[in-house]
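Per-entry structural report
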Amino acid sequence: MGRISYFSRSTSYGSMAVGVPSTVLEPPNVYKSRWRSIRVMYLTMFLSSISFSICMSSIWPFLRVVDLKTSTDFLGWVIAAYSIGQFFASPLFGFWANCRESSKEPLIITIVISTIGNLMYAYIQDFPSPRRYYLLAARALIGFGAGNVAVVRSYVSGATTIKERTSALAHVSAAQAIGFILGPALQAAFVSLGYPGIVEIPEIHINFYTATGFVSAILSVINLILVVVVFGEYRVHDDNTSPSIANVQDSSSSQSLLHKDTPDVASVISCNILFFVVLFVFSIFETIATPLSMDMFGWTKEQATLYTGIMLACSGVLAICIFIGVKYLSKKMNERYILLGGFIFCLLSFITYLPWGKHYPAIEPTDIIPIHPDNGTTTEPSTGAPPVGCPMIHSWCFTTPKIYLAQFLAATALLSIGYPTTNVMTYSIYSKVLGPRPQGTQMGWITASGSSARTLGPVFVSYVYDSYGPRYIFASVSGVLLLTVIFTFSLILLKRLLPFKSARIVVGRSVGTQ
């Protein structure tokens, strides 16, 4: 495999040389090193995704275990805490990567922060009451560490050519999807540990809730070692005419780009809006899946954790197939139309979720005796069975039709097609709209846009679910998606979301071959 390297034709430009890059072959060892580093970024995205998803199906029952005074309103804040942390961290670490021209430094810091957050989550039962606030802080720390998502996508965008980029970003998203699969699957496997679980060492509680924190911390340490030992800095400057690749660890390859124009501002803003909708929609599903299944299907906490974990894992498998399909479909079809199709699938999904029919969910018994988290014991109602069903405190339980399991699974399958399609296409189009420039800060902003959606989504769904029930949630989100489909179609008609085109000059010293 050949390498494309940068040379400059000497022309005076201050103290620097101005040149137009020429093309030479890339040595196999450089090619392997560059792609080895990109694959480390795949792994980083994968592990970040696991840290987020591994406890999603159990976080609600865990909240009820560690703090009796918690509510579904507070559940929204706990889930949103991750995204709030990521919202502030993404632009910060993206800007850091741009200014320092280094992705390794922010990656190391974010992985360490994530490790601390996961250990805090694992030890949450050793904190004083009220524990729900410490759980909130732990999730915020994990989210702050997940600010490296912006650095990962920025690096992959910068280390690939235009032709390589859609495929590479699809692999990044696929790695994220695999993390979403294994996270709930691992949580489902940990159900066998039970609660209060096993205690091998005093003051260390290992059960099916806390095991997720310990496993995530161990995986973060492995990721940290790979970033320190294996990862290398590479950057490709590609404007579709004469790409150049530089190992930015080599001080002799220092160079910068000057553009006579800037990316289309309307397209940049539109991509951020679209990505906000993508993450807002999916965060609604993530937040509501477990409590909805408990209320509609009469599942216990353990059953909801297990079955929702299996469902999310199957959803992730389907998402991976979609990522692979999108990767090849994008070579034959305009990416903007693929994006539009993804939003249509999301719209169909939430329409399918809407409750209908004449049957209503079973009502939870009123003689509930709560769980005692301090001594790890539980007492059951007088019937001898754990309380299940839709709680009487929700007045909508008596007026909202039941959502059938087959209906729920069909809608989730549609969402599993629409979400990965819109996710990878938005990132791919956004990267190409920005053009051949360091993208750390811009990737930070689009990640922050998604994080704000993950913040507002859980808070919105928790409040509306408590007060009005699932019918109003699914109807309102369907309205948002309908407007998004119209907006996306309008952008296509106006010929927005097109790749950046620039009259480019490269400023720097000659790199030569490596």
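Just so we're clear, the structure is a prediction, and the values are computed from it rather than from any experiment.

Check the secondary structure of the protein chain and you find 14 helices and 6 strands. Looking at the 514 residues of the protein chain, the share that counts as buried comes to 59%. Looking at the protein chain alone, contacts between residues at least 24 apart form 81% of all its contacts between residues at least 6 apart. Only carbon and sulfur atoms are counted for the fraction: they give 67% of the accessible area of the protein chain, which is about 20,400 Å².

Before going further, it helps to examine the state of the cysteines. Throughout the structure, instances matching the rule amount to 1 disulfide. The disulfide partner of Cys-390 is Cys-397, and the S-S distance across this bridge is 1.8 Å. Judged by the sign of its S-S torsion, about -60°, the cystine formed by Cys-390 and Cys-397 is left-handed. Both residues of the pair, Cys-390 and Cys-397, count as buried.

Counted by the stated rule, this structure contains 27 aromatic pairs. Here Phe-93 and Phe-144 contribute two aromatic rings whose centre-to-centre distance is 5.7 Å and whose plane-to-plane angle is 75°, an arrangement assigned as edge-to-face. Separated by 51 residues along the polypeptide, Phe-93 in helix H3 (residues 72-100) and Phe-144 in helix H5 (residues 131-145) bring together distant segments of the chain. Judged by its relative accessible area of 3%, Phe-93 falls in the buried class. Relative accessible area serves as the criterion here: at 25%, Phe-144 is assigned to the partly exposed category. An aromatic cluster of three or more residues is present, and its members are Phe-282, Phe-285, Phe-297, Trp-299, Tyr-307, Phe-350, Tyr-353, Phe-408, Tyr-419 and Phe-474.

Right, let's talk about the packing of helix H4 (residues 104-122) against helix H8 (residues 211-229) for a bit. Their axes nearest at 8 Å, the elements H4 and H8 cross at an angle of 165°. By the criterion of interaxial angle, the relationship of H4 to H8 is roughly antiparallel. Both H4 and H8 take part in a crossing whose hand is left-handed. Taken together, the residues of H8 that come into contact with H4 (itself represented by Lys-104, Leu-107, Ile-108, Ile-111, Val-112, Ser-114, Thr-115, Asn-118, Leu-119, Tyr-121 and Ala-122) are Thr-212, Gly-213, Phe-214, Ser-216, Ala-217, Ser-220, Val-221, Asn-223, Leu-224, Val-227 and Val-228. Residue composition of the contact of H4 with H8, grouped by class: 13 nonpolar, 8 polar and 1 charged.

With that out of the way, let us pick up the pattern of salt bridges. Under the defined criterion, the tally for this structure stands at 2 salt bridges. Across the salt bridge formed by Lys-432 and Glu-335, the nearest N and O atoms sit 3.0 Å from each other. One end of the pair, Lys-432, is in helix H12 (residues 405-434); the other, Glu-335, is in helix H11 (residues 335-353), with 97 residues separating them in the sequence. Of the residues examined, Lys-432 reaches a relative accessible area of 12% and is grouped as buried.

Glancing now at unusual backbone geometry. At Lys-495, a position not held by glycine, the phi torsion is positive, near 60°. Inspection of the secondary structure puts Lys-495 in the loop between helix H14 (470-493) and strand E6 (504-508). By relative accessible area, Lys-495 is classed as exposed at 62%. Phi is positive for Leu-497, which is not a glycine, with a value near 60°. Looking at the secondary structure, you find Leu-497 in the loop between H14 and E6.

A residue-level look at the protein chain finds 80% of positions with pLDDT of 70 or above and a mean pLDDT of 77. Across the protein chain, H11 holds the top mean pLDDT of 93, while strand E1 (residues 12-13) sits lowest at 30.

Now for the packing of helix H9 (residues 265-297) against helix H10 (residues 301-329). H10 packs onto H9 with a crossing angle of 135° between their chain directions and a minimal axis gap of 9 Å. The orientation of H9 relative to H10 falls into the category oblique. Handedness of the H9/H10 crossing: right-handed. Contacts from Phe-285, Ala-289, Thr-290, Ser-293 and Met-294 of H9 reach H10 at Lys-301, Ala-304, Thr-308, Met-311 and Leu-312. Residue composition of the contact of H9 with H10, by class: 6 nonpolar, 3 polar and 1 charged.

The next thing to look at is H5. The end-to-end C-alpha distance of H5 is 21 Å, a good match for the 21 Å that 15 residues give at a rise of 1.5 Å each. Buried within H5 we find Arg-131, Arg-132, Leu-135, Ala-138, Arg-139, Ile-142, Gly-143 and Gly-145. Projection of H5 onto a plane perpendicular to its axis shows the buried side chains occupying an angular sector of 160°, all on one side.

So, how was this worked out
Residues numbered from 1 in each chain as written. Predicted model: local features only at pLDDT ≥ 70, side-chain atom pairs only at ≥ 80, totals over all residues. Heavy atoms only, no water. Helix = DSSP H or I, 4+ residues; strand = E, 2+ residues; numbered from the N terminus. Buried < 20%, exposed > 50% of the residue type's maximum accessible area, 1.4 Å probe, protein only. Contact = heavy atoms within 4.5 Å. Areas by Shrake-Rupley, 256 points an atom, 1.4 Å probe, with all protein chains shown as cover. Disulfide = S-S within 2.5 Å. Phe/Tyr/Trp six-rings, centres within 6.5 Å; stacked < 30°, edge-to-face > 60°. Axes fitted to C-alpha atoms, helices over the stretch in contact; angles between N-to-C directions. Parallel < 35°, antiparallel > 145°, perpendicular 65-115°, else oblique. Left-handed = near helix turned anticlockwise from the far one by under 90°. Nonpolar A, V, L, I, M, F, W, Y, C, P; charged D, E, K, R; others polar. Salt bridge = Lys/Arg side-chain N within 4 Å of Asp/Glu carboxyl O. pLDDT = per-residue confidence, 0-100. Expected span 1.5 Å × (residues − 1). Arc of directions from axis to C-beta.

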